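Listed here are the chains, written in short residue letters.
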Amino acid sequence: MTNLPDLTVGIGLRQPHYREVFERPPALGFLEVHSENFFLDGGAAMHALERARAAYPISLHGVGLSLGSADALAPAHLAKLKRLVDLVEPALVSEHLSWGSLGARHFNDLLPMPHTREVLALLSERVDRVQSVLNRAILIENVSAYVAYRHTDMTETALLAELARRTGCKVLLDINNLYVNAVNFGFDPVACLAELPPDAIGEMHLAGHTAADGCLIDTHGTRVCAEVWALFEEACRRFGPKPTLIEWDTDLPTLDVLLDEAATASSIAHRTVEVAHA
Amino acid sequence: MPELLDTQQAFAGALQHADETARTERWLSGDARLIEQRLAIYRANAAAAAAKALGAAYPVIQQVVGDEFFDGLARAYQRVVPSTSGDLYDYGAAFAGFVAEFPHTQSLPYLPDLARLEWAVHRAYGAADAPTWDGRALAQVEPAQQAALRFDWAAGTAVVDSRFPIARIWLIHQPGFDGEFSVDWSVGESALAAREGFRVVVRALGAGDAAFIAGSLAGAALGPAAEKALAADPSFDLGQLLGRLVASNVICGFNTDKDE
């Protein structure tokens, strides 16, 4: 296991970019992959991950564990994640503050949770269990949401801060998700940053979204917008630089576009460090 | 305050049936119209995730029927067989049976067999890497013991039989295929799907080769498997087949234990 330096930028590694990344490895601090794409016994994908791992620290980002399911945590899914974590020895392991399955049905999505004491208690128990099975701390990410619960009585960031305090997990702060929700539900995202202790932040995510019918949708299919870059800069000023990732999943562009976004993230992070030390 | 389980049950119900949205209105913010509009985003997400996973497992069928039709096919499949796992590599196992029954694909009678072949290819893709071995050990087996040999097959190896030329159809739809596109529809094919290194290969097999491999994969010893192969095709050439399968490491070992 490697510890990532705070001032480091990575990209989500997706299959169409494998060859280019392996043949001329770009200057990146780490690569992040979706854990579920590597729950395989062997083959080309596992070989690619092995090559990526030889060249870069790896972050395993889960999208299917459904930590917030009210009924149960899927033991088979957790066992597959454990096998992968033991194999890869990643720098980071993360999941989401969300649910995606109930009973036998899986929606393969990051569905929002109400932010209540009940949910905090459930997630604390789940995160404890996952960390004990994986034998390491994990990161939990805030999600984009399109509906909100009337009985929510705290912000998602306040819930994450308390979850981190109780379980020792870190927060994966997705700046785009925070911005998307601030627009969708009309709150001040900067006030949310103030609820997070700098030490609790283990990674930040940056991605693009699209607008439809007065709602921002987290599509990971465009460049990071100006407002999200500004919020990222504010986060860097408050928390200091943190390992930061460019995520892009739909309408995947050329690798150079991702590297260009990563360079922008890096220059913003450097700028905030220089200002802080000036 | 509503219980989490109750809210998730109602939420899940509303994602599967739009007419159940009203059950969520008591504790989701906004008016009925807004809630329905927003839940529709999640419905579309779930449908897109499952359709994408299905397309990843069945890229040839997607090409054959076209993206738009495939999307409709995927939606219909999800209504019958929804995703049950956070690991979408497992999604689509029942697709061959589904397209066999689906009214709008009856004009493509080869589709179910093609689906079975694509699922075999999909599973071989992520199967465990075969151990490497020295195939020359096979030549050292005493003649008296040869008939009792059982082979170890690379994980994911499968034979799919069809009265349609499914291996040929699969081949001409591969990215980068630049050969002749003609298909002889009068020929049925048994297709081998197997991992050779990290690549999944599909090959049309002669009747004898298909019978031998299928028998051996099912656990038959060399002797009985070869007898079946000769019955299927009197010109079956065991030596040539074994040479090929050992060289490509699709046969990745053997044992001579009679008890197995």
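Points about the sheet that holds strand β4 (residues 92–96) of chain A
Residue and element names in this part refer to chain A. Taken together, eight strands build a closed barrel; the order of strands is β1-β2-β3-β4-β7-β8-β9-β12 and the barrel is parallel. In this sheet, adjacent strand axes meet at a mean angle of 25° when their direction is disregarded. Here four bridges tie strand β2 (residues 30–34) to strand β3 (residues 58–61), and the two strands are oriented parallel to one another. Pairing of E32 across the sheet is with S59, part of β3.

Some thoughts on the interface of chain B and chain A
Contact residues are listed per partner, giving 39 residues for chain B and 41 residues for chain A. Of all the secondary structure elements, the ones that give two or more residues to the side of chain B that touches chain A are α1 (4–16) and α2 (32–57) of chain B. Considering each element in turn, the side of chain B that touches chain A owes the most residues, 10 residues, to α2 of chain B. For the side of chain B that touches chain A, the residue count by class is 24 nonpolar, 11 polar and four charged.

Some points on the packing of helix α9 (residues 207–217) of chain B against helix α10 (residues 222–232) of chain B
All names here are of chain B. Look at α9 against α10: their axes get within 7 Å of each other, and the N-to-C directions meet at 155°. If you check the angle between α9 and α10, you find them roughly antiparallel. Note that α9 runs across α10; the crossing there is right-handed. Contacts between α9 and α10 pair A207, G208, A211, F212, G215 and S216 from the former with P224, A225, A226, K228, A229, L230 and A232 from the latter. Tallied by class, the residues present in the contact of α9 with α10 amount to nine nonpolar, three polar and one charged.

A word on the pairing of β4 of chain A
Residue and element names in this part refer to chain A. Burial of β4 is extensive: five of the five residues sit out of reach of the surface. Burial along β4 is two-sided: the face carrying L92, S94 and H96 and the face carrying V93 and E95 are both buried. For the segment spanning β3, helix α3 (residues 75–88) and β4, crossover handedness is right-handed. Here three bridges tie β4 to strand β7 (residues 139–141), and the two strands are oriented parallel to one another.

Some points on the environment of V250 of chain B
Residue and element names in this part refer to chain B. Turning to its location among the elements, V250 is positioned in the loop between α11 (238–247) and β5 (251–255). C-beta crowding within 10 Å serves as the criterion here: with 21 such atoms nearby, V250 is assigned to the buried category. Here the alpha-carbon distance between V250 and R195, two residues 55 residues apart in the chain, equals 6.8 Å. Ignoring any residue separated from it by four or fewer positions in sequence, one finds V250 in contact with W153, A154, T157, A194, E196 and L245.

Quick look at unusual backbone geometry
Residue and element names in this part refer to chain A. Despite not being glycine, S66 has its phi angle at roughly 55°, a positive value. On the secondary structure map, S66 appears in the loop between β3 and α3. Despite not being glycine, D251 shows a phi value in the positive range, around 45°. Structurally, D251 is set in the loop between β12 (244–246) and α9 (255–277). Taking the number of C-beta atoms within 10 Å as the measure of exposure, D251 has 10 and is therefore exposed.

Looking at the pairing of strand β6 (residues 105–111) of chain A
Residue and element names in this part refer to chain A. Among the seven residues of β6, six are classified as buried, and the element is accordingly described as predominantly covered. Both strand β5 (residues 99–102) and β6 contribute to a ladder of three bridges, which runs antiparallel. Bridge assignment links S101 to a residue of β6, and that residue is H106. Between β5 and the antiparallel strand that follows it, β6, lie two residues; G103 among them carries a positive phi value of about 60°.

Scoring rules and cut-offs
Residues numbered from 1 in each chain as written. Chains lettered and ligands numbered in written order. Predicted model: local features only at pLDDT ≥ 70, side-chain atom pairs only at ≥ 80, totals over all residues. Pairing = 2+ DSSP bridges. Helix = DSSP H or I, 4+ residues; strand = E, 2+ residues; numbered from the N terminus. Axes fitted to C-alpha atoms, helices over the stretch in contact; angles between N-to-C directions. Contact = placed C-beta atoms within 7 Å. Nonpolar A, V, L, I, M, F, W, Y, C, P; charged D, E, K, R; others polar. Parallel < 35°, antiparallel > 145°, perpendicular 65-115°, else oblique. Left-handed = near helix turned anticlockwise from the far one by under 90°. Buried ≥ 20, exposed ≤ 12 C-beta atoms within 10 Å, placed from the backbone. Right-handed = clockwise from strand over helix to strand, strands pointing away.

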